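The primary structure of each chain is shown beneath.
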Amino acid sequence: PPLPPPPTRTPRAGCPSGFPVPPAFMICPITQDLMHNPVVTADGQTYERAAIEEWLRNHDTSPLTGERLDHTTLTTNMMA
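About the criteria used
Residues numbered from 1 in each chain as written. Predicted model: local features only at pLDDT ≥ 70, side-chain atom pairs only at ≥ 80, totals over all residues. Heavy atoms only, no water. Helix = DSSP H or I, 4+ residues; strand = E, 2+ residues; numbered from the N terminus. Polar contact = N/O pair within 3.5 Å; in protein donor to acceptor, adjacent residues only side chain to side chain. Contact = heavy atoms within 4.5 Å. Pairing = 2+ DSSP bridges. Buried < 20%, exposed > 50% of the residue type's maximum accessible area, 1.4 Å probe, protein only. pLDDT = per-residue confidence, 0-100. Salt bridge = Lys/Arg side-chain N within 4 Å of Asp/Glu carboxyl O.

### Considerations on the side chain of S62
Next up, step 1: Structurally, S62 can be placed in the loop between α1 (49-58) and β3 (75-76).
Next up, step 2: At 3.2 Å, the side chain of S62 forms a polar contact with the backbone nitrogen of L64.
Next up, step 3: One polar contact links the side chain of S62 to the main-chain amide nitrogen of T65, over a distance of 3.3 Å.
Next up, step 4: Among residues more than four places away in sequence, those in contact with S62 are D43, Y47, W55, E67 and L69.

### A few points about the sheet that holds strand β1 (residues 38-40)
Next up, step 1: In space, the three strands of this open sheet follow the order β2-β1-β3, with antiparallel pairing throughout. Edge positions in the sheet fall to β2 (46-48) and β3, since each of these pairs with one other strand and no more.
Next up, step 2: Sheet topology note: the β1/β2 ladder contains three bridges and is antiparallel. Residue pairing across strands places P38 opposite E48, the latter belonging to β2.

### Some thoughts on the side chain of N77
Next up, step 1: Among the secondary structure elements, N77 is positioned in the segment after β3.
Next up, step 2: When residues no more than four places from it in sequence are discounted, the contact partners of N77 are P38, V39, V40 and T46.

### Some words on the environment of A24
Next up, step 1: Residue position: A24 is located in the segment before β1.
Next up, step 2: A relative accessible area of 59% means that A24 is categorised as exposed.
Next up, step 3: Each C-alpha atom of the pair A24 and L34 lies 8.9 Å from the other, and the pair is ten residues apart in sequence.

### What to know about the confidence of the model for the chain
Regions with low pLDDT carry predicted coordinates that are not meant to be interpreted in detail.
Next up, step 1: For the chain, per-residue confidence averages 86 on the pLDDT scale, and 79% of positions sit at 70 or higher.
Next up, step 2: Of all helices and strands in the chain, the one with the weakest mean pLDDT is β3 (96), whereas α1 scores best (98).

### Quick word on the pattern of salt bridges
Next up, step 1: Under the counting rule described, the total for this entry stands at two salt bridges.
Next up, step 2: With a closest N to O distance of 3.6 Å, E53 and R49 form a salt bridge. A residue pair is termed a helical-turn pair when its members lie 3 or 4 positions apart in one helix, as E53 and R49 do in helix α1 at four residues.
Next up, step 3: The closest approach of N and O atoms between D60 and R68, which form a salt bridge, is 3.2 Å.
Next up, step 4: A relative accessible area of 37% places D60 in the partly exposed class.
Next up, step 5: By relative accessible area, R68 is classed as exposed at 60%.

See the structure below:
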């Protein structure tokens with residue numbers, strides 16, 4: 001089954017006030033953390049590399065949609 005929808009982004013506990021919350025496109029939908037090594041899957045979704053590699057060890061589907069991926073090749077996302 002796909003992952004549940006992400007929670008509304010709020011400043012992290014312990015984050016110094018005055019620091020902006022990162023934009024949603026920079027947050028991994030699996031870990032809900034800021035991506036440091038973003039990669040794109042066959043369906044065009046971006047994830048943190050370690051998180052999607054772990055997912056793909058046991059699944060051949062998108063964690064967001066549950067749809068089967070055409071392939072499991074990951075491409076570095078230079079835009080995230």
